[in-house]
Every structure is written in C-alpha cells, then in structure tokens.
Amino acid sequence: MPISGFPEWLPPQRIIEQRFLDKIRSTFELYGYAPLETRAVEPLDILLSKGETSKEVYLLHRLQEDENAKREDQLGLHFDLTVPFARYVVENNGKLQFPFKRYQIQKVWRGERPQEGRYREFLQADIDVINRDTLPFHFDTEMPLVIGDVFRSLPIPEAVILVNNRKVCEGFYRGLGLADTAQVLRVVDKLDKIGPEKVAAALVETAGATDAQAAACLALAEISATDGSFVDRVRALGVTDPLLDEGLNELLQVVETANEHNPGLVRAELKIARGLDYYTGTVYETQLKGYERFGSITSGGRYDNLASAGNTRFPGVGISIGVSRLLGLLFGQDALTVSRSVPTCVVVAVPSDDKRAECDRIASALRRRGIPAEVAPTAAKFGKQIQFADRRGIPYVWFPGEPDTVKDIRSGEQIEADADSWQPPAADLHPDVSAR
RNA sequence: GUGGUCGUAGCUCAGCUGGUAGAGCACCGGGUUGUGGUCCCGGGGGUCGCGGGUUCAAGUCCCGUCGAUCACCCCA
C-alpha cells in the first residue's frame, strides 16, 4: 500500500526523472557548482534555529531510545537543503575555498498534508553560493540564468521566474513610516489569496497603517514588469529610503542581467515575499505556464544571516528546483512521454534454446560498443519475441542466423548486420524523453 | 495538524429505493510449425481500499481507519 505523501514512480517515470536529473546536474556543473551531499538528519536545534518552530519536521527515534535523552540531541530529517548546507559550510569552513559554489540534489521531508504536487518526501535540486564576510551581488543575478538554462534543456512548458527584493519592501514600508515591516510583508503576501480590500483592512488592523499607507503598500505590490520600468513606477509612489534605493538597484541588476542572456525568463513582481524568514534580499519564485495554481516549482533567495562562526558571517544566495513537484504535476497532466519503458535498445531473439549461448555472445558484442542489449527470455515464436520488444518500446530485434539480421520493428525494415560493427542511430541508443 | 469530497477487475467505469458483482480496453491461449501490432474464437482475474456496526440480508446505510484530492496552514 502506498504511504500518503511518499510517491513511488513507475520505471518509465523514473527514466524521465533520471533524464531530468542528468540535465539539471550537467547544467549546474557547466556553471562550476561542485557536487555535495549532506546527511539526511540534522540536530533539531539546527533545523529550528532560524526557521519557525512550526516547521513540520520528522523526528528520528531509536527503538531503544533512552528516556532521558536531551532535546538538543534529538535528530530530525532535513526539510530543505539550505539549512544543512549552511551548517556544513560553518563546520568545514577551514577546508573550503570561498566563494563556495555547490549543488545538492537530495530528498527532503516535510510532515505536511500531501496534495497534487505536494509531498512529504520529495526531491530538490539546489544551487547555492556562500562566501565569507560578504558575498558580491552579481551571484544573485546568476541564479535565474542557471535555472533558465536548466529549463531550456527540459521538455517542459515555458516558465517565468518571478523576482523581488525584500529590501525594496522593507525600505518602502519604512520610508512610508510603518515600523513593523515584517508584519506588513506577511499581510501583503496574502494578496493573491484574500484580495486587496482584505489586505488593506488587515494592514490597518494588525500593522498600524493608515488607509493611505495601506493603499501605498498595495500600489507597490501591484507593480510587475519584465524590464527596468518598475523602478520609475516605484519612485512615482513618492517614498524615499536608503534601503529602498539599495533594493531597487539590486532588483534592477537581476532583471537586466536576465534580459541580456535570456529575455522573458525573469519578471520583477513586487508582491512576492516567500515564506522562509531567513531571506534578506533577492527572492525568487517560479511559475510554470499552465500550472500556476500549483505554486512555485523553483524558488530561493539571498540569506545574509543564516550562518556564522564566531565573528565571521557566511552570507549566501541560492535557488532550488522542486524536482518532485515539477514531475508530479507533469505526470498528472500526462505531459511527458518516454519512447520505451526499459533501457534496452536491442532484443536478441532466441531461435531455439541450444542457440542461447550464441545469442549471449551477440549481446555481449553489442554491449561492448555501448549498445544496451538483452537476450529474449524464452525461445518462443518469433512473433512473441518481437511482441516482447514491442510492448516495452524496444526499437530493434536481432535475429541470429547466416547471416545475422536486425529488424527495426517500428518500420519493419530488416537488414543484414554484424554484431561487431552494426550501429543504431544515436537517437535510438537510449530512451527518448519528450513532451507529449 | 484542521475541515470537505471521493475510493468497485491492471485502466475507464456501470451496479435503481440494501437481496451476497458486470462492460469496454488491457492481459493470457488458439486461429497463424515459428517475424508482432488488424480481425475472429476462447480464457484467467475482484474477500467491491481496510476494520467494525445496523440488518434475516450491505458494493449499496452508520462509525473508524488508510489512500487520493481540495481548502486552510505551509511551501518545492
């Protein structure tokens, strides 16, 4: 029986997932991110220190647990890859070269109620850059470029990365005269859910805003642009604050850099805030065209205060692809296909049981040259053996004989072939993953 | 974690106001002594998610539980 929130795919789906992971990994490496894997568990106090205590963390218990085990010794499964990474950097900071760029593709666990595209165990693909003391801003502009390249390499619908900067919001609210900027942010974040009227009312009630201040917050949240025009629109609201200027400048850099390399990829969207409270500047979210209602499939941001050791700070910026969500949604819409359900490219037909050894030799010769091959399970009628391949989407059946022949069962074409030299078209060598 | 909807063969579903299960597709075999995907014939397969209750009798009513899904929460 399945366990709620712990999805298990079928082989064709796993083939698609692996192909996605191959593309993600190679793109990350093209940008110079180093591979890293951290343990599945962290001490509970690490997991909860910066995040909220309301985090749905899975705890690890030993069957023979000591009753008076201390709470700080309690282990929990990590719910993201950023917090463990920050811990890892602090722990190994003497052995790492900074700025340190790494990617991490691992399972994470959250004890929330599952729904479509929301799981309790799921795969994330993260990139982060962490530096000692200060981290140059241009790394914030690199994140969308990497993700944009990943998206371009995958057979998925168009995606738009929505970007904002918390300094813009905080500076704006402060310049407006609102002291509790965090509360304003929390309320404004609900704009899409509850609408502008209720947000305005909540700002007045819970953040001490006047009607005019609330209106200004909403005006800021409405701003959205695919180019640098958002700067003037913010300025037109007449609020001034040094932090606001800093944020606008940063956000502008992200948008302009993206437009130079990948036009249409990024959109400044001043209403997005992101849930995680450790972000201090740039924040990213991603909408997949046609799947907007299922939430962000890629997100992250800048965190200047997540990690520190003594007097040394380790600011970072990162972004994470929700691989399981992305695949779960696309699977749900039947939006992806694979050409076959197994890696096999050639089935070697077995004419009779006494010829099996010869068939094994043929398969070996093919494999030696990198052609995935398997010998038919039984010396059934050739029709059955062809059917065996057809059911799995395997494109070729090899018939031992004098001479050997190989049949492309899609076209029916059958030609003489030598196991030491025959080569299938490159496109047939491995399962082909594509949009349906 | 809170609340709503749903759960019958591998898949899509039918089963009236309760009387102890069906179709199509898929699968297996044969027609086709050996090169498939069409067609024809035949066949296997379900303790009706699971557990309990009401009833002479439950797939059909009630409760619980598990799973899927939706909203909240949170977020990939």
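Residues numbered from 1 in each chain as written. Chains lettered and ligands numbered in written order. Predicted model: local features only at pLDDT ≥ 70, side-chain atom pairs only at ≥ 80, totals over all residues. Heavy atoms only, no water.

Looking at an unreviewed UniProt entry, chain A carries the name Histidine--tRNA ligase, with the source organism given as Actinoplanes sandaracinus. Quoted verbatim from the Sequence similarities (unreviewed entry) heading of the UniProt record, the comment on chain A is "Belongs to the class-II aminoacyl-tRNA synthetase family." Reading the Catalytic activity (unreviewed entry) entry of the UniProt record for chain A gives the comment "tRNA(His) + L-histidine + ATP = L-histidyl-tRNA(His) + AMP + diphosphate + H(+)". (UniProt positions renumbered as here; feature names shortened; annotations may be inferred.)

**Q** What's the story with the packing of helix 5 (residues 166-176) against helix 8 (residues 211-221) in this structure? I'm lost.
**A** Describing two packed helices takes the angle between their axes plus the distance from one axis to the other. At a minimum axis separation of 11 Å, helix 5 and helix 8 run at an interaxial angle of 155°. Comparing the axis directions of helix 5 and helix 8 gives the class roughly antiparallel. Classified by chirality, the crossing of helix 8 by helix 5 is right-handed. For the pair helix 5 and helix 8, the contacting residues are Val168, Cys169, Phe172, Tyr173 and Leu176 in the first and Gln213, Ala216, Cys217 and Leu220 in the second. (Axes fitted to C-alpha atoms, helices over the stretch in contact; angles between N-to-C directions. Helix = DSSP H or I, 4+ residues; strand = E, 2+ residues; numbered from the N terminus. Parallel < 35°, antiparallel > 145°, perpendicular 65-115°, else oblique. Left-handed = near helix turned anticlockwise from the far one by under 90°. Contact = heavy atoms within 4.5 Å.)

**Q** Would you take a moment to explain the environment of Asp133 for this structure?
**A** Position of Asp133 relative to the elements: it lies in the loop between strand 6 (121-130) and helix 4 (138-152). Spatially, the C-alpha atoms of Asp133 and Gly316 are 9.9 Å apart, while their sequence positions differ by 183 residues. Those residues in contact with Asp133 that lie beyond four places of it in its chain are Thr312, Arg313 and Pro315.

**Q** Hey, could you run me through the protein's contact with RNA strand B in this one?
**A** Around RNA strand B lies a shell of 43 residues, among which Arg110, Arg118, Arg274, Pro351 and Ala379 are the nearest. The sugar-phosphate backbone supplies 56% of the atoms of RNA strand B found within 4 Å of the protein. With respect to RNA strand B, the backbone of Ser296 contributes an N or O atom lying 2.7 Å from a sugar or linking oxygen. A distance of 3.4 Å separates a sugar or linking oxygen of RNA strand B from a polar backbone atom of Gly383. Every element with two or more residues in the surface near RNA strand B is listed here: strand 6, strand 11 (298-309) and helix 13 (382-392). (Near = heavy atom within 4 Å. Polar contact = N/O pair within 3.5 Å; in protein donor to acceptor, adjacent residues only side chain to side chain.)

**Q** When you look at the side chain of Lys101 in this model, what are you seeing that I'm missing?
**A** Note on placement: Lys101 falls in strand 5 (residues 100-109). In this structure the side chain of Lys101 is engaged in a polar contact, spanning 3.1 Å, whose partner is the side chain of Glu142. If sequence neighbours within four positions are ignored, Lys101 has contacts with Tyr31, Gly32, Tyr33, Ala34, Asp128, Val129, Phe139 and Glu142.

**Q** When you look at the domain arrangement of chain A in this model, what are you seeing that I'm missing?
**A** Partitioning chain A into structural domains gives domain 1 (1-141 + 322-338), domain 2 (159-288) and domain 3 (346-435). Just the C-alpha atoms count here: the centres of domain 1 and domain 3 sit 40 Å apart. Contact residues are listed per partner, giving 8 residues for domain 1 and 6 residues for domain 3. In this assembly, domain 1 packs against domain 3 so that about 530 Å² is buried in total across both faces, 56% of it on carbon and sulfur atoms. For the domain 1 face of the interface with domain 3, the top three residues by lost area are Arg19, Thr337 and Val338, together amounting to 66%. Where domain 1 touches domain 3, the interface holds 0 salt bridges. (Domains from an automatic or database assignment. Buried area = accessible area lost by both parts, 1.4 Å probe. Salt bridge = Lys/Arg side-chain N within 4 Å of Asp/Glu carboxyl O.)

**Q** Can you help me understand the sheet that holds strand 7 (residues 159-165) in this one?
**A** The strands making up a sheet are joined through hydrogen bonds of the backbone, oriented either antiparallel or parallel. In spatial order, the strands read 1-5-6-12-11-10-7-9-8; together these 9 strands make up an open sheet with mixed pairing. Of all strands in the sheet, those bounded by a partner on one side alone are strand 1 (34-35) and strand 8 (224-225). Strands strand 5, strand 6, strand 7, strand 9 (266-269), strand 10 (282-288), strand 11 and strand 12 (312-322) of the sheet are contacted by helix 4, whose axis makes an angle of about 20° with strand 12. (Pairing = 2+ DSSP bridges.)

**Q** Just checking my understanding: could you explain the nonpolar core for this structure?
**A** Grouped burial of nonpolar side chains is what soluble globular proteins tend to show. Counting residues in hydrophobic clusters, the biggest one holds 82 residues, and the most contacted among them are Phe20, Phe28, Phe172, Tyr173, Leu203, Phe230 and Leu330. Two domains share this core, each providing at least three of its residues, namely domain 1 (1-141 + 322-338) and domain 2 (159-288). Aside from chain neighbours lying at most four places away, what touches Leu330 is Phe20, Ile156, Pro157, Leu288, Tyr291, Ala335 and Leu336. Grouped together as the second largest cluster of nonpolar side chains are 29 residues, Val350, Ala365, Ala373 and Trp422 included. (Core = buried A, V, L, I, M, F, W, Y, C linked by side-chain atoms within 4.5 Å. Buried < 20%, exposed > 50% of the residue type's maximum accessible area, 1.4 Å probe, protein only.)

**Q** Is there a simple way to think about the state of the cysteines in this case?
**A** Here a disulfide denotes one covalent bond, and it connects the sulfur atoms of two cysteines. Evaluation of the coordinates by the stated rule reveals 0 disulfides. There is no disulfide at Cys345, and the cysteine sulfur nearest it, in Cys359, is 17 Å away. On the basis of relative accessible area, Cys345 is assigned to the buried category, the value being 0%. (Disulfide = S-S within 2.5 Å.)

**Q** Explanation requested: the pattern of salt bridges in the structure shown.
**A** A side chain of one charge can pair with a side chain of the opposite charge if their charged atoms are brought near each other. In total, this model carries 24 salt bridges according to the counting rule given. Salt-bridge contacts for Arg14 lead to Glu17; the nearest nitrogen and oxygen are separated by 2.7 Å. Placement of the pair is Arg14 and Glu17 together in helix 1 (residues 11-30), with a separation of 3 residues, close to one helical turn. According to the relative accessible area criterion, Arg14 is partly exposed, its value standing at 37%. Take Glu17: its relative accessible area is 7%, and that puts it in the buried class. For Lys167, the salt bridge identified is with Glu246, shortest N-O distance 2.9 Å. You can see Lys167 sitting in helix 5 and its partner Glu246 sitting in helix 10 (residues 242-261), a full 79 residues away along the chain.

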